[in-house]
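Chain by chain, the residues run as shown.
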Amino acid sequence: MNRSPDVVVVGGGVIGCAVAYYAAKRGLRVTLVDRPQRGRATSASAGGLWPLGESVGLGCGVIFYKAMAGLGSLPDGVHGPGQLPKVFLDFAVRSNAMFPDLAEALRETGGLDVEFERTSLLFLMYDEGDVAFAKPLWEHCPCGRDLTEWLTPEELARAEPAVTREVRGALRFHGDDQVNPYRLAEAFRTSARSLGATVVTHTEVTGLRVESGRVTAVETATGAIPCGLVVNAAGAWAPEIGRMAGVEIPVRPVRGQILGTEALPDVLSACLSTTDCYLAQKQHGEVIIGSTTEEVGYETGVTPAAMKALAAGAVRAVPFLKDVRVKRVWSGLRPGTPDELPILGPVEGLDGYLNACGHFRTGILNAPLTGLLVSEMIAGATPSFPAELFLLSRFSGAIRRADNR
Amino acid sequence: MTPSTPLVVIGSGPAGLGATIEAARAGLPCTLIDEATHLGGQIYRTPSAGLRVTDTAALGKDFAKGERLRAGFAAAGGRVEVLSGTSALGVWDGREILWASENASGLIRAERLVIAAGAYDRPVPFPGWTLPGVMTAGGVQAFVKGNLVRPGRRALVAGTGPLLAGVANRLRGAGAEVAAVLEAGPPWWPPEPLPAVWHGWEFMADALDHWQALTAAGVPFISNHTVFSAHGTEQVERASYGPVRPDDWTPIHGEARTAGVDLVVVGFGFVPNTELTTLAGCRHRYAPELGGWIPERVPFFETTVPGVFAAGDGAGIVGAAAAEAEGRVVGVTVAEAAGAIAASEADRRREAPLARLRFLSEAWRELDARYRVRGGLTDLATPDTLVCRCEEVTRGEVGAAVGGGARDLQAVKLLTRLGMGPCQGRNCAPFAATHLCQVTGRSPADVGRINPRPPVKPVTLGVLARAEGIGDTSATDPLDAVGGGAS
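Let me sum up the structure you'll find in this document. (Residues numbered from 1 in each chain as written. Chains lettered and ligands numbered in written order. Predicted model: local features only at pLDDT ≥ 70, side-chain atom pairs only at ≥ 80, totals over all residues. Heavy atoms only, no water.)

**Observations regarding the overall build of chain A**
(1) Moving on: Along its length, chain A carries 11 helices and 20 strands.
(2) Moving on: Taking 2.2 N^0.38 as the reference for a compact globule, 405 residues should give roughly 22 Å; the C-alpha atoms of chain A span a radius of gyration of 21 Å, in line with that estimate.
(3) Moving on: Taken over the C-alpha atoms alone, chain A extends approximately 65 × 50 × 40 Å along its principal axes.
(4) Moving on: Split into buried and exposed, the 405 residues of chain A put 62% on the buried side.
(5) Moving on: For chain A, the proportion of contacts with a sequence separation of at least 24, taken over those separated by at least 6, is 75%. (Helix = DSSP H or I, 4+ residues; strand = E, 2+ residues; numbered from the N terminus. Rg over C-alpha atoms; globule rule 2.2 N^0.38 Å. Buried < 20%, exposed > 50% of the residue type's maximum accessible area, 1.4 Å probe, protein only. Contact = heavy atoms within 4.5 Å.)

See below:
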């Protein structure tokens, strides 16, 4: 008889599924509650695993920076896309390092291939400004010089023949990879299930029952689920769930539009990041081109302006794409936090509650370590990674204490 | 700047042309967008440019009707800008249309918008339906009308409704032998009296002509039968067919027979093309008697989005004659709303098409009652049969997803990739939705739809990158100002 507490994970995106998987793997009794939701960030991810690139502001960061600068709306004193603190890089590198073994384990347990690929990430330098931005990253990369490589235009042409020749060169980050984001979430879910987890889909969470400062049940549209602990993995909707227990979570939806092409033969071996867009060719053959960074609330549409800008950016980086058809354009809502770091772990004054939210642009990348860490917190085990810097309490004054009864 | 125009009409079939003719006649400038290089839509398709036709009578009645409509368009005045060979990729806020042709794209703003997007053949998956040599009734019509050649030597025609008679007879006219016509429903001209409203209905008169020609040529007609599967290595070499239960059209596999044919034509009616009305934000409802999901409309065919009208088969399957009448009503109404004609004049101009619509909708209702597709046809597909052709998802995989807890189309899509391909679910959603309803007992409204995403028609990145009417956000490269600030 399993005496572990029942855990209810709220949210069926990649984070919720990862938590459910690692918790089930520890032998915990897990129920995942999920509702169909347009705009889920997992469904609008390119699946880039770029711990180095993301931490120095590549990927979406540099595109957003360019857009803001173009609108003249950069805050004073901001020059160049923001770099994230060392703790982010450490977390992301650790999480990324879990993928090879994880992919194997998920294949064995759930029978699904998550299409993990070692690709590296190339930052294309179109002009002197790009070179000036990239040079210090190369010389003083917090990841160390051995993981970066400076490519001349000739070397780039040999490595990636499809890429434009109109470049000053490229900076390569070894150790940045990719995965299929939907399959990753699905593999976590399927594996969690075969390890005994219960998955309740199409079910809205309507409330959290709090008794004497402890969450005791998750109320849903189809009835209450008593539990010892709830994990808030509701992504962009995490504040809604937090509020049910009196917890204010500073997560806001940040829309990203993304474009997918028809399936192509292998044309790119690396993922590409430019000041206009990023590109990743998936195993299925389609090239995913992202992404905007927009604060438009829970609006999940796409815009002609973004479609045009992403298309132009893609054609500039890989000219032959001009004759390639767009299959579709869609969008997702990233769970953005003020300091761009996830919110993990317990909340003061409220027992039986853990956060696993606020993963912003890197939920796919950081899903494995998040899942592992949160499962350790659930079980009361020693955490694999120090979680203090990710606690909600770092946002002083942002928390409204749960009602102690 | 995004250019603005008083009226944009999407689609130049009978509904779109009807709307354009009436709006132009009232003096309203408009822009007409159509994918084809000719006006008239699928039904009034013309032979491809380069084919010289000496005997136009041989092209049939549809061609003659199309020519009459095109003449009406030509006479309506010159205030129409025609963008032919142009697709609408999406609609924003009910007003902005992103269009693309082979070499250009752009955004235009419409004060009023008429969506007359037409319909497509209802896909019914059966083993072998993806083999070359299996064609839809609409596909055969387009092929023969456009190319004037026969698509096969010996054909089996299966489906439902007297429209099949026209397809079968056209095949004969193109030189193909028709092995048999299989009607899943009841006989077309049974001994019992026909509904009175059908007398004087041109559609049925035409169908009867075709039927008589087929009968005279000795083409076998078998009711309550349909095609079960198509076989062949590279293309269709033979097909299996047999009886279906008269109540729900479930195939009776034990009584299957085989015919040696190189062409299988399937026509199970049509599905309204609602991608653009959906993207425009119009509210939709499920109306099985009109082909499935359709935009809700108030009198004179305005949708729930003010200023956006929907006419013709794209707003519910009604046939070409009713589509044209709906289009005319919409054209007059738009002109009235724009102040181009007075209300009394608009009422007068709407009278004839509205009267025609009252007659046609009653006639159509009687037809639908007999020949609307029944749920048993989902039993044609075996576990190995591809349901989603784009992403190669089988019926078995859909069944597994539903068995695994998927309760709606969106969930099936995420689990199987069904509907994620270029056709955006056109070929798979009708089957998958029916299957979901049958297995879960839920309603079509509950199992939902596959959300269309722009672009709803193919466009290349290069053409999209040059879109006109969309401002560039930033011309300068801000990283030039970085100057080594990052470290």
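**So, the packing of aromatic side chains**
(1) Moving on: Summed over all chains, the structure comprises 21 aromatic pairs over all chains.
(2) Moving on: Considering the side-chain rings of tryptophan 237 of chain A and tyrosine 298 of chain A, the 5.7 Å spacing of their centres and the 35° angle between planes classify their relative orientation as tilted. Here tyrosine 298 of chain A lies in the loop between β17 (287–290) and α10 (304–317) and tryptophan 237 of chain A lies in the loop between β13 (229–232) and α9 (238–243), a separation of 61 residues in the sequence.
(3) Moving on: Residue class for tryptophan 237 of chain A comes out buried when judged on its relative accessible area of 11%.
(4) Moving on: Looking at tyrosine 298 of chain A, the relative accessible area reads 43%, which means it is partly exposed.
(5) Moving on: When the ring of tryptophan 201 of chain B is compared with that of tryptophan 364 of chain B, the centres are 6.2 Å apart and the planes differ by 70°; the resulting orientation is edge-to-face. Separated by 163 residues along the polypeptide, tryptophan 201 of chain B in the loop between β10 (177–183) and α5 (202–216) and tryptophan 364 of chain B in helix α8 (residues 343–371) bring together distant segments of the chain.
(6) Moving on: Exposure remark for tryptophan 201 of chain B: the relative accessible area of 6% places this residue in the buried category. (Phe/Tyr/Trp six-rings, centres within 6.5 Å; stacked < 30°, edge-to-face > 60°.)

**A word on helix α9 (residues 395–403) of chain B**
All names here are of chain B.
(1) Moving on: Those residues of α9 lying buried are Arg395, Val398, Ala401 and Val402. Along α9, the residues classed as buried sweep out an arc of 120° about the axis, all on the same side. Opposite the packed face of α9, turned more than 90 degrees from it, sit the exposed residues Ala400 and Gly403.
(2) Moving on: Close packing links the buried residues of α9 with β20 (386–388), β21 (393–394), α10 (409–416) and α11 (429–440).
(3) Moving on: Immediately downstream of α9, the backbone of glycine 405 shows phi near 115°, a positive value. (Arc of directions from axis to C-beta.)

**Remarks on the sheet that holds strand β18 (residues 326–336) of chain A**
All names here are of chain A.
(1) Moving on: Taken in spatial order, the 8 strands make up an open sheet running β6-β7-β5-β15-β16-β17-β14-β18, and their pairing is mixed. Taken across any chain shown, the strands that pair with only one partner, and hence form the sheet edges, are β6 (148–151) and β18. On average, adjacent strands in this sheet sit at an angle of 20° to one another, irrespective of strand direction.
(2) Moving on: Two strands pair when backbone bridges link them, and β6 and strand β7 (residues 169–173) are joined in this way by 4 bridges, in the antiparallel orientation. (Pairing = 2+ DSSP bridges. Axes fitted to C-alpha atoms, helices over the stretch in contact; angles between N-to-C directions.)

**Notes on the interface of chain B and chain A**
(1) Moving on: Facing the 45 residues of chain B at the interface are 48 residues of chain A.
(2) Moving on: When the two sides are added together, the surface that chain B and chain A hide from each other amounts to roughly 3,900 Å², 63% of it contributed by carbon and sulfur.
(3) Moving on: One can count 2 salt bridges joining chain B with chain A.
(4) Moving on: Across the chain B-chain A interface, the total number found is 15 residue pairs in polar contact (both at pLDDT 80 or more).
(5) Moving on: Mapped onto the side of chain B that touches chain A, the elements with two or more residues apiece are α10 and α13 (461–465) of chain B. (Buried area = accessible area lost by both parts, 1.4 Å probe. Salt bridge = Lys/Arg side-chain N within 4 Å of Asp/Glu carboxyl O. Polar contact = N/O pair within 3.5 Å; in protein donor to acceptor, adjacent residues only side chain to side chain.)

**Topic: the pairing of strand β5 (residues 96–100) of chain B**
Residue and element names in this part refer to chain B.
(1) Moving on: The buried fraction of β5 amounts to 5 of the 5 residues, a majority that puts the element mostly inside the structure.
(2) Moving on: What you see with β5 is no split at all: Glu96, Leu98 and Ala100 on one side and Ile97 and Trp99 on the other are buried throughout.
(3) Moving on: Strand direction decides the pairing type here: strand β4 (residues 87–92) and β5, joined by 5 bridges, are antiparallel. Bridging from a neighbouring strand, serine 87 pairs with alanine 100 of β5.
(4) Moving on: Hairpin connection, β4 to β5: the antiparallel pair is bridged by 3 residues, and aspartate 93 has positive phi, about 55°.
(5) Moving on: Summarising the sheet, β5 and strand β6 (residues 105–115) pair through 5 bridges and their orientation is antiparallel.

**Overview of the sheet that holds β10 of chain B**
Residue and element names in this part refer to chain B.
(1) Moving on: Strand order across the open sheet formed by 5 strands is β8-β15-β9-β10-β11, with parallel pairing between neighbours. Every other strand in the sheet has two partners, leaving β8 (134–136) and β11 (221–223) as the edge strands with one partner each. Strand-to-strand twist of the sheet, defined as the mean angle between neighbouring strand axes without regard to direction, takes the value 20°.
(2) Moving on: In this sheet, strand β15 (residues 263–267) lies alongside strand β9 (residues 154–159) in parallel orientation, the contact comprising 5 bridges. Its bridge partner being in β15, leucine 156 is matched across the sheet by valine 264.

**Quick word on the pairing of strand β1 (residues 6–10) of chain A**
Residues and elements named next belong to chain A.
(1) Moving on: When you tally the buried positions in β1, you get 4 out of 5 residues, the bulk of the element.
(2) Moving on: Bridge count between β1 and strand β2 (residues 29–33): 5 bridges; the pairing is parallel. Bridge pairing links valine 7 to valine 30 in β2.
(3) Moving on: For β1 and β13, the ladder comprises 4 bridges, and the chain directions are parallel. Looking at β13, one finds that valine 9 is bridged to valine 231.

**Re the packing of helix α1 (residues 14–25) of chain B against helix α7 (residues 320–337) of chain B**
Residues and elements named next belong to chain B.
(1) Moving on: In the contact formed by α1 and α7, the axes pass within 6 Å of each other and the chain directions differ by 30°. Classified by the angle between their axes, α1 and α7 sit roughly parallel to one another. With respect to the hand of their crossing, α1 and α7 are arranged in right-handed fashion. The segment α1 lies against α7, with Pro14, Ala15, Gly18, Ala19, Ile21, Glu22 and Ala23 engaging Ala320, Ala323, Glu324, Gly327, Arg328, Val330, Gly331 and Val332.
(2) Moving on: Grouping the amino acids of the contact of α1 with α7 by side-chain chemistry returns 9 nonpolar, 3 polar and 3 charged. (Parallel < 35°, antiparallel > 145°, perpendicular 65-115°, else oblique. Left-handed = near helix turned anticlockwise from the far one by under 90°. Nonpolar A, V, L, I, M, F, W, Y, C, P; charged D, E, K, R; others polar.)

**What about the environment of phenylalanine 320 of chain A?**
Residues and elements named next belong to chain A.
(1) Moving on: For phenylalanine 320, the position within the fold is in the loop between α10 and β18.
(2) Moving on: Taking the C-alpha atoms as reference, phenylalanine 320 lies 8.6 Å from valine 163; in sequence the two are 157 residues apart.
(3) Moving on: The residues touching phenylalanine 320, leaving out its near neighbours within four places in the chain, are Ala162, Leu264 and Val267.

No statement about biological role is implied by the geometric values presented.
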